[in-house]
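# Per-entry structural report
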2 protein chains.
Amino acid sequence: MREEKIPYKIYLSESEMPKQWYNVRADMKNKPAPLLDPVTKEPMTAAELEKVFCSELVKQELDDTNAYIDIPEEILDFYKMYRPAPLVRAYCLEKHLNTPAKIYYKFEGNNTSGSHKLNSAIAQAFYAKKQGLKGVTTETGAGQWGTALSMACAYLGLDCRVFMVKVSYEQKPFRREVMRTYGASVTPSPSVTTAVGRKILAEHPGTTGSLGCAISEAVETATSMEGYRYVLGSVLSQVLLHQTIIGLETKAAMDKYNITPDVIIGCAGGGSNLGGFISPFMGEKLRGEKDYRFIAVEPETCPSLTRGKYVYDYCDTGRICPLSKMYTLGAGYIPAGTHAGGLRYHGMSSIVSQLYDDGLMEAVSVPQTSVFAAAQEFARVEGILPAPESSHAIRVAMDEAIRCRETGEEKTILFCLTGTGYFDLVAYGRYNDGEMTDTVPTDADIMKGLAGIPRFPGNEI
Amino acid sequence: MREEKIPYKIYLSESEMPKQWYNVRADMKNKPAPLLDPVTKEPMTAAELEKVFCSELVKQELDDTNAYIDIPEEILDFYKMYRPAPLVRAYCLEKHLNTPAKIYYKFEGNNTSGSHKLNSAIAQAFYAKKQGLKGVTTETGAGQWGTALSMACAYLGLDCRVFMVKVSYEQKPFRREVMRTYGASVTPSPSVTTAVGRKILAEHPGTTGSLGCAISEAVETATSMEGYRYVLGSVLSQVLLHQTIIGLETKAAMDKYNITPDVIIGCAGGGSNLGGFISPFMGEKLRGEKDYRFIAVEPETCPSLTRGKYVYDYCDTGRICPLSKMYTLGAGYIPAGTHAGGLRYHGMSSIVSQLYDDGLMEAVSVPQTSVFAAAQEFARVEGILPAPESSHAIRVAMDEAIRCRETGEEKTILFCLTGTGYFDLVAYGRYNDGEMTDTVPTDADIMKGLAGIPRFPGNEI
């Protein structure tokens, strides 16, 4: 029997690890739309982008023709500390669900940052270091990205300044302490260290902060200090490129055992993990070599693909970053206060957006109580306590497997388990106490968000 | 060059994973002393022990002649979900310390319980299930053991009742929520659910609990309910036996690459991780096949090996468990309130105690600020945020490596990284804020603890 031979966990050897990232844009017939200057509405040039981002990263951001990009030796060495990530055969989950389906998941949570974010953090920090910079700035909400960047900067001896949304800074002291342990400076945002922070504090003295405000402070700090640049943990094409290490390792592991997935499932926030995970498989589909079914899973409370519009919008609520064409709910859209399950970004990677718009992949949205139910069921049989974000993919993978039980189909289901839920136990506690609820945004809620999208010729809703 | 060929992480394949535990007592000339009945001072019989513990575990507890004990297939399957654990070559730490030494560590933290505790939790839960029991009870302080047991019980469909020291229950809600997510009932101790709990609450209404009290409640619950037994996460010889999976995997991985460690270092609380880790190497030493240097590292505030006495003592502060001959500070010994670094058990595994008393291994104690300094230095270069407990071993391994830099010796240093520090960030925060201090117990402190040791013929201090 084929299954007998497949171990619980497939690890590539170091020599089998991918040495190049794969740039799916090279194989896309319809390229993602270029970033636009928020004022002139003209495509951003490399020179303009380099004021904010590192040069090499700008090159990657704008490159939609080279299919493979070498991963520098130093980044490969760092990857070897926590990669290859295992491809897991979910034998226990299959047995528990009594399904004829075969379920596999790529587990990206076996590192201190707890997620895939480290794959891009080390790349961005490396290029900053190589460019001779002193440090980088960023914003963080829950803290996953800030932790990953702190780890990468500590390893390279680079200064790391994190603006953490004040409410998270106060309510998630553990994340803050991890970052400080890695030597990062963590500033609650808004702060008095920036002009924009001081302005916001003057206008709203009691504010608990927002991601948009933290981005503005991080960008201001980066652009006003010699030797600093701003870095971002999702959405951008460069980030998705770095995350293709997930998909490349997954594909190499599956090829090694002659496994072909029928359906490939990932959770979608900004879209970089999803995009990186599916890229190598999508490449085969784009080149007409193979066909796969792809499913993006988003929360019902923040349904950018399933209920948003495909237009140019601000990447940040502060409206200072370039405009990106993407599926969006509007930069001012705020998920319901009851939402605990992450993936609260209003937009979506321009690459994922274009692929979705071209009908190359599907998207579904799921209510958060069903996501936490799946998370708990999964944890009890597979051992790993998943992040709420990752659990969106688990929910849909389990639903597919249950459907197979009913139809008798022996499908091979693959999903990405992006991270662990060790720092999400307040949310788990709410679920355990039966206090978690679902909130579906009304059409009026959605319209309110969409109303904030900039209108200009060719960008009508 | 030999080093070039050794990967950052050595993973055994599933077929290379050990299929038997190794019982080091079989090779010991001086066997550990038997457990004694606390009242009669006579050796405990299997029948007596079976009132509290599962039959198969009692058999393992009393077996000092069979060198290898088969690991049941079901436990091997569970091990495959999170094992083999990687043996890591600490290239980055070596470079950072500029040492000619080669440093390796076995990393046991890649599972949701965050430590090696799961290795014994699944074994104990399995034997309970096999015996047809309904459930198990236990106590937990910080929550690591309770989490591991909850995971094992969830997997097997066994009821799990955890008595958690009240102060931890309130101050460590995250650990509590992990256990609840895995379906365990978690009761703050002392509680009104037991006679001993009600008695303590009546006498000390404001008490925040103690491990001794939690043990008493767990034992009372197990012995008063049909189909329940009590299980324990450390100290006992059965637990050390299960933990030999750590050492066996380590040795198999090292043998595969022809690596021989010169010095083997482990942290020591109750002694089960240390004992399990060193057992296969110690076996070679006992049989005269090879020689190794072994170092047990304990906190300066709880120095059972370095400042305790080798006598019979109570295993629990409640004084209801059997007496064990061990290095002990007295069951009533309480580490200073400033101590945040774990490893606060007053005694030591009877196996480790006998090996130490026979001069087969060394022991050192280290101050906690130096432990956290090592933890932070390690985290920044090796990525992993270590548990404070594990960091005791890191401290001594780094000191050895620094000594090699000075002498030029190319020693091979091996240590066990027992777990991650994701739930220890309050302690890290104190260190980051410069608020952590060291407290060395005075001779009077030590004498006060030793004074509580039971005196009877042959058990003089």
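Structural notes, computed from the coordinates.

Quick notes on the rules
- Residues numbered from 1 in each chain as written.
- Chains lettered and ligands numbered in written order.
- Predicted model: local features only at pLDDT ≥ 70, side-chain atom pairs only at ≥ 80, totals over all residues.
- Heavy atoms only, no water.
- Helix = DSSP H or I, 4+ residues; strand = E, 2+ residues; numbered from the N terminus.
- Contact = heavy atoms within 4.5 Å.
- Areas by Shrake-Rupley, 256 points an atom, 1.4 Å probe, with all protein chains shown as cover.
- Lys, Arg positive; Asp, Glu negative; His and termini not counted.
- Charge placed at Lys NZ, Arg CZ, Asp CG, Glu CD.
- Salt bridge = Lys/Arg side-chain N within 4 Å of Asp/Glu carboxyl O.
- Buried < 20%, exposed > 50% of the residue type's maximum accessible area, 1.4 Å probe, protein only.
- Axes fitted to C-alpha atoms, helices over the stretch in contact; angles between N-to-C directions.
- Parallel < 35°, antiparallel > 145°, perpendicular 65-115°, else oblique.
- Left-handed = near helix turned anticlockwise from the far one by under 90°.
- Nonpolar A, V, L, I, M, F, W, Y, C, P; charged D, E, K, R; others polar.
- Disulfide = S-S within 2.5 Å.
- Pairing = 2+ DSSP bridges.
- Phe/Tyr/Trp six-rings, centres within 6.5 Å; stacked < 30°, edge-to-face > 60°.
- Lys NZ or Arg CZ within 6 Å of the ring centre and 35° of its normal.
- Expected span 1.5 Å × (residues − 1).
- Polar contact = N/O pair within 3.5 Å; in protein donor to acceptor, adjacent residues only side chain to side chain.
- Buried area = accessible area lost by both parts, 1.4 Å probe.
- Least-squares fit on C-alpha atoms with pLDDT ≥ 70 in both.

So, about the overall build of chain A. Looking only at helices and strands, chain A has 19 helices and 15 strands in total. Viewed in the frame of its principal axes, chain A has a C-alpha envelope of about 65 × 50 × 50 Å. Long-range pairs, those at least 24 residues apart, make up 77% of the contacts in chain A with a sequence separation of at least 6. Total accessible area computed for chain A in this model is approximately 15,900 Å², and 51% of it derives from carbon and sulfur atoms. Taking the 48 positively charged and 55 negatively charged side chains of chain A as two groups, their mean positions are separated by 2 Å.

Considering all chains together, one arrives at 48 salt bridges over all chains under this definition. The salt bridge partner of Lys251 of chain A is Asp255 of chain A, with a shortest N-O separation of 2.9 Å. On the criterion of helical spacing, the pair formed by Lys251 of chain A and Asp255 of chain A is a turn pair, its members being four residues apart in helix α12 (residues 237–256). For Lys251 of chain A, a relative accessible area of 12% corresponds to the buried category. One salt bridge connects Asp77 of chain B with Lys80 of chain B, and the closest N-O pair in it is separated by 3.6 Å. Placement of both Asp77 of chain B and Lys80 of chain B in helix α4 (residues 73–82) is noted, with a separation of three residues, approximately one turn of the helix. The partly exposed category is assigned to Asp77 of chain B, whose relative accessible area is 23%.

Residues and elements named next belong to chain B. Running from N to C, helix α12 (residues 237–256) and helix α13 (residues 272–286) cross one another at 55 degrees; their axes reach a closest spacing of 6 Å. Considering their axes alone, α12 and α13 lie oblique with respect to each other. The element α12 and its partner α13 pack so that their crossing is right-handed. Residue-level inspection shows Val239, Leu240, Gln243, Thr244, Ile246, Gly247, Leu248, Thr250, Lys251 and Met254 of α12 in contact with α13, the latter providing Ser272, Asn273, Gly275, Gly276, Phe277, Ser279, Pro280, Phe281 and Glu284. When grouped by side-chain class, the residues that make up the contact of α12 with α13 number eight nonpolar, nine polar and two charged.

Per the stated rule, a full pass over the model turns up zero disulfides over all chains. With no disulfide of its own, Cys321 of chain A lies 6.2 Å from the sulfur of Cys315 of chain A, the closest cysteine sulfur.

Residue and element names in this part refer to chain B. Sheet architecture is open: seven strands sit in the order β1-β4-β5-β15-β10-β11-β14, paired in mixed fashion. In this open sheet, the two strands that pair with only one neighbour each are β1 (9–10) and β14 (362–366). Here two bridges tie β1 to strand β4 (residues 87–89), and the two strands are oriented antiparallel to one another. By the bridge assignment, Ile10 is partnered in β4 with Leu87.

A few words on the environment of Leu417 of chain A. Within the element layout of this structure, Leu417 of chain A appears in strand β15 (residues 412–417). The spatial distance from the C-alpha of Leu417 of chain A to the C-alpha of Val311 of chain A is 30 Å, given a sequence separation of 106 residues.

On inspection of all chains with the given rule, the structure shows 39 aromatic pairs over all chains. When the ring of Tyr11 of chain A is compared with that of Tyr11 of chain B, the centres are 3.8 Å apart and the planes differ by 15 degrees; the resulting orientation is stacked. Of this pair, Tyr11 of chain A sits in the loop between β1 (9–10) and β2 (20–22) while Tyr11 of chain B is found in the loop between β1 and β2 (20–22), placing the two residues in two different chains. Pair check on accessibility: Tyr11 of chain A and Tyr11 of chain B agree, each one buried. Members of the aromatic cluster, each reached through a chain of ring pairs, are Phe78, Tyr79, Tyr82 and Tyr155 of chain A. A cation over a ring is seen here: Arg176 of chain B above Tyr169 of chain B, with NZ or CZ 4.7 Å from the ring centre.

Let us look at helix α11 (residues 211–224) of chain A. All names here are of chain A. Compared with the 20 Å implied by 1.5 Å per residue over 14 residues, the 20 Å span of α11 between its first and last C-alpha is a close match. Most of α11 sits out of view: 10 of its 14 residues are buried. Of all the residues in α11, the buried ones are Gly212, Cys213, Ala214, Ile215, Ser216, Glu217, Ala218, Val219, Thr221 and Ala222. Those residues of α11 that are buried lie in contact with β6 (135–140), β7 (159–165), β8 (185–189), α10 (195–203) and β9 (228–230). Two or three places before Cys213, at the opening of α11, Ser210 has a side-chain oxygen 3.1 Å from that residue's backbone nitrogen.

Let us look at the packing of helix α6 (residues 118–130) of chain A against α12 of chain A. How two helices pack is summed up by the angle between their axes together with the distance between the axes. Residue and element names in this part refer to chain A. Between α6 and α12, the least distance of the axes is 8 Å, while the angle of their chain directions is 125 degrees. What the angle tells us is that α6 and α12 run oblique. Both α6 and α12 take part in a crossing whose hand is right-handed. From α6, Asn119, Ser120, Ala123, Gln124 and Tyr127 reach across to α12, where they touch Gln238, Val239, His242, Gln243, Ile245 and Ile246.

Moving on to the interface of chain B and chain A. Contact with chain B, which involves 41 residues of that partner, is made by 41 residues of chain A. Buried surface at the junction of chain B and chain A, both sides included, amounts to about 3,800 Å², of which 59% is carbon and sulfur. Remark: the boundary between chain B and chain A carries two salt bridges. Of the residues that constitute the side of chain B that touches chain A, the class distribution is 22 nonpolar, nine polar and 10 charged.

In the superposition of chain B on chain A (RMSD 0.0 Å, axial shift 0.0 Å), the rotation amounts to 180 degrees. On the angle and the small slide along the axis, the relation comes out as a two-fold axis. Of every C-alpha in chain B, the one belonging to Asn110 of chain B sits nearest the axis of rotation, 3.1 Å from it. Mapped onto chain A, 100% of the interface residues of chain B again fall at the interface, so both copies present the same surface.

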